[in-house]
Amino acid sequence: MSVPVSQMWAVASYVIRQRIKGRKHYPLVLMLEPLFRCNLACAGCGKIQYPPQILRKHLTVEQCLKAVDECGAPMVSIPGGEPLMYPEIGPLVEALVAHRKYVYLCTNAILLKERLEEGVFRPSKYLSFSVHMDGLREEHDDAVCRAGVYDQAVEGIREALKRGFRVTTNTTLFDGASPMRMQMFFDDMMDLGVEGMMLSPGYSYAKAPDQEHFLRRQKTQELFRKMLENPKRRWKFNQSPLFLQFLMGKQDFECTPWGNPTYNIFGWQRPCYLLQEGYAETFKELIETTRWEQYGRASGNDKCQDCMVHCGYEPTAVNHTFGSLRGFRDTVAATLTGKL
Amino acid sequence: MSGEDAPASPRASRLEGWDPVIGDEVPLEDVIDRAFDYRGDVTLVRHDGSEVVGYLFNRNAEARPPFVRMFDCAGDGPFTIRYAEIRTIRFTGKDTAAGKSYEAWLRRKAERPPAEAASEPAHGA
């Protein structure tokens with residue numbers, strides 16, 4: 001695994017503090033969406049279908065920082081929309097780094113080289129560009145519905161690495177993904193020099209145009225088993241090994257829907273990053289008034305039955321690591337041996 | 001589409017243009033839920049005849065009193081409006097989630113020369 005020791009320690013000490021305090025509903029990663037506007041319109045994305053006045057809106061830096069303080073999570077992921085289109089992205093990231101939050105700026109990287117050349121960002125151990133890469137050139141350009149984006153992303157990654165930035169990739173896998181080509185993709189990303197890769201199966205957003213190509217649970221496990229059964233030592237994953245084992249069907253976890261709370265121009269999204277069933281005005285209201293028992297596989301909620309997405313299950317995997325001897329042992333073993 | 005033609009299921013693509021008449025068969029709470037699910041602007045009509053045109057992004061039927069929240073069509077807001085003030089909601093804006101199927105994009109892509117087709121976004125970004 002490729003998460004730096006300082007980041008691992010920050011997360012571990014945070015989780016242990018929450019457990020000592022007896023907090024059940026604590027967040028791990030804040031999903032901060034400053035805007036919905038994007039320079040792509042990917043077929044699997046349900047985040048950008050809004051009227052123009054909504055797409056033109058964005059949060060202020062002050063609103064973002066207030067949400068960060070309210071939430072208290074040690075990591076902040078900035079998806080969107082495309083965060084590099086957010087006019088205040090530089091000041092926002094600088095403020096988050098000053099708050100010692102580990103920031104994952106999730107970008108399609110079309111604008112990355114340009115923003116780096118403009119001097120919008122400074123390298124920091126707290127900042128990682130998490131570049132959206134859904135596979136090799138053909139698969140990626142197909143997933144984002146535009147030719148040439150893979151090459152632009154690679155150019156952005158090279159530029160960021162050259163300038164000393166941390167770079168990871170995030171990959172969403174859909175039905176039809178080839179395990180062998182994904183393994184070639186892992187090799188390519190390692191050759192590029194990224195710090196680590198993040199993987200997740202897609203979720204079938206009700207508003208996404210492409211409803212046919214989302215993975216169902218059994219297919220997900222089959223695909224991840226084939227891809228990761230004998231992982232190469234050089235493949236680095238910037239995520240919990242127990243989550244990857246869960247995707248392979250080797251761990252049985254329940255969803256932690258409050259683990260990655262989402263804040264955007266509408267407020268705190270209920271109940272999770274993927275489902276939009278309403279909004280709370282404060283984080284406290286979100287945690288205290290959402291009926292958490294109605295979500296997750298065990299609840300019987302239809303919308304949750306096939307979901308294995310990182311935002312619900314990676315927090316469970318992290319909790320498992322620090323909540324049981326077996327979880328800690330499995331995590332250490334996978335980290336040291338590279339076996340999943 | 002009139003109130004009598006109320007869609008049987010809240011499929012967003014069928015809601016565009018819906019002008020429901022609130023009553024026993026089409027309860028206000030149901031229309032509000034559909035408006036919340038709708039990815040286009042709506043026109044909210046108050047009992048006093050005044051209207052708010054914009055995007056309805058939240059509703060809370062369990063709050064006391066129950067309310068909806070909207071940004072108007074200029075993006076101003078959010079405005080909070082109590083259920084008790086609402087006469088009806090018309091689905092007047094374009095449904096931004098409708099008519100953009102993956103299949104349609106694949107068809108368009110197949111009909112054009114490779115370079116041009118591949119660079120066409122799935123739905124007009």
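These notes cover the structure that comes with them. (Residues numbered from 1 in each chain as written. Chains lettered and ligands numbered in written order. Predicted model: local features only at pLDDT ≥ 70, side-chain atom pairs only at ≥ 80, totals over all residues.)

Our next topic: the overall build of chain B. If you tally the helices and strands in chain B, you get 4 helices and 5 strands. When its helices and strands are written in sequence order, chain B yields α-α-β-β-β-β-β-α-α. In chain B, 45% of the contacts between residues at least 6 apart in sequence involve partners at least 24 apart. (Helix = DSSP H or I, 4+ residues; strand = E, 2+ residues; numbered from the N terminus. Contact = placed C-beta atoms within 7 Å.)

Looking now at the overall build of chain A. Looking only at helices and strands, chain A features 13 helices and 9 strands. Expected size for 340 residues packed as a compact globule is a radius of gyration near 20 Å; at 19 Å, chain A falls within 12% of this value. Summarising its shape, the C-alpha atoms of chain A cover approximately 50 × 45 × 40 Å along the three principal directions. Relative to its 340 residues, chain A shows a buried fraction of 53%. Taking contacts inside chain A between residues at least 6 apart in sequence as the whole, the part at least 24 apart equals 79%. (Rg over C-alpha atoms; globule rule 2.2 N^0.38 Å. Buried ≥ 20, exposed ≤ 12 C-beta atoms within 10 Å, placed from the backbone.)

This part covers the sheet that holds strand β2 (residues 75–78) of chain A. Residues and elements named next belong to chain A. In space, the 9 strands of this open sheet follow the order β6-β5-β4-β3-β2-β1-β7-β8-β9, with mixed pairing throughout. Where the open sheet ends on each side, the last strands, each with one partner, are β6 (196–201) and β9 (276–280). Going across the sheet, the axis of each strand differs from the next one's by a mean of 30 degrees, ignoring polarity. With 2 bridges connecting them, strand β7 (residues 262–264) and strand β8 (residues 267–271) associate as antiparallel partners. Residue pairing in the sheet places Asn264 in a bridge with Gly267 of β8. (Pairing = 2+ DSSP bridges. Axes fitted to C-alpha atoms, helices over the stretch in contact; angles between N-to-C directions.)

As a further point, take helix α12 (residues 310–323) of chain A. Counting along an α-helix, one turn takes 3.6 residues, and residues three or four places apart therefore face a common direction. Taking 1.5 Å per residue as the helical rise, α12(A) with its 14 residues ought to reach 20 Å, and the 19 Å between its terminal C-alpha atoms agrees with that figure. Considered for burial, the residues of α12(A) that qualify are His310(A), Cys311(A), Gly312(A), Tyr313(A), Glu314(A), Pro315(A), Thr316(A), Ala317(A), Val318(A), Asn319(A), His320(A) and Thr321(A). (Expected span 1.5 Å × (residues − 1).)

Residue and element names in this part refer to chain B. Here we have 5 strands laid out as an open sheet, ordered β4-β3-β2-β1-β5, and antiparallel in their pairing. Each having just a single partner strand, β4 (79–82) and β5 (86–90) make up the two edges of the open sheet. Averaged over all pairs of adjacent strands, the angle between their axes in this sheet comes to 45 degrees, without regard to strand direction. Here 4 bridges tie strand β1 (residues 42–46) to β5, and the two strands are oriented antiparallel to one another.

Attention now goes to the pairing of strand β4 (residues 127–132) of chain A. Residue and element names in this part refer to chain A. Where burial is concerned, most of β4 is hidden: 6 out of the 6 residues are buried. Of the two faces of β4, both are covered, the one formed by Leu127, Phe129 and Val131 as well as the one formed by Ser128, Ser130 and His132. In this sheet, β4 lies alongside strand β3 (residues 102–107) in parallel orientation, the contact comprising 5 bridges. Counterpart to Tyr104 in the pairing with β4 is Ser128. Direction of pairing for β4 relative to strand β5 (residues 166–173): parallel, over a ladder of 5 bridges. What sits directly across from Phe129, in β5, is Val167.

Residues and elements named next belong to chain A. Orientation of helix α8 (residues 179–192) relative to helix α9 (residues 217–228), taken along the N-to-C sense of each, is 50 degrees, at an axis distance of 9 Å. Compared by their axis directions, α8 and α9 come out oblique. Helix-helix and strand crossings are classified by hand; for α8 and α9 the assignment is right-handed. Of the residues in α9, those touching α8 at Pro179, Met182 and Gln183 are Leu223, Lys226 and Met227. Its residues assigned to classes, the contact of α8 with α9 comprises 4 nonpolar, 1 polar and 1 charged. (Parallel < 35°, antiparallel > 145°, perpendicular 65-115°, else oblique. Left-handed = near helix turned anticlockwise from the far one by under 90°. Nonpolar A, V, L, I, M, F, W, Y, C, P; charged D, E, K, R; others polar.)

What follows covers the environment of Val318(A). Residues and elements named next belong to chain A. Of note, Val318 is situated in helix α12. Separated by 177 residues in the primary sequence, Val318 and Asp141 have C-alpha atoms spaced 32 Å apart. Discounting residues that sit within four places of it in the chain, Val318 has contacts with Val11, Val15, Leu28 and Ser240.

Attention now goes to the environment of Arg146(A). Residues and elements named next belong to chain A. Along the chain, the position of Arg146 falls in the loop between α6 (137–143) and α7 (149–162). Accessibility expressed as a C-beta count within 10 Å gives 23 for Arg146, which makes it buried. Taking the C-alpha atoms as reference, Arg146 lies 26 Å from Phe165; in sequence the two are 19 residues apart.

It is worth spelling out unusual backbone geometry at this point. Residues and elements named next belong to chain A. Cis peptide bonds are those with omega within 30 degrees of zero, and the linkage from Gly80 to Gly81 qualifies with 10 degrees. Take Gly81: it is sitting in the loop between β2 and α4 (89–98). For Arg100, which is not glycine, the phi dihedral falls at a positive 55 degrees. In this fold, Arg100 is placed in the loop between α4 and β3. When the 11 C-beta atoms within 10 Å are taken as the criterion, Arg100 is described as exposed. In this model, Cys145 sits at a positive phi of 60 degrees, which is unusual for a non-glycine residue.

Moving on, we get to helix α13 (residues 325–337) of chain A. When the terminal C-alpha atoms of α13(A) are compared, their 18 Å separation across 13 residues agrees well with the 18 Å that a helix rising 1.5 Å per residue should span. With its phi angle positive at about 75 degrees, Gly338(A) sits one or two positions after the end of α13(A).

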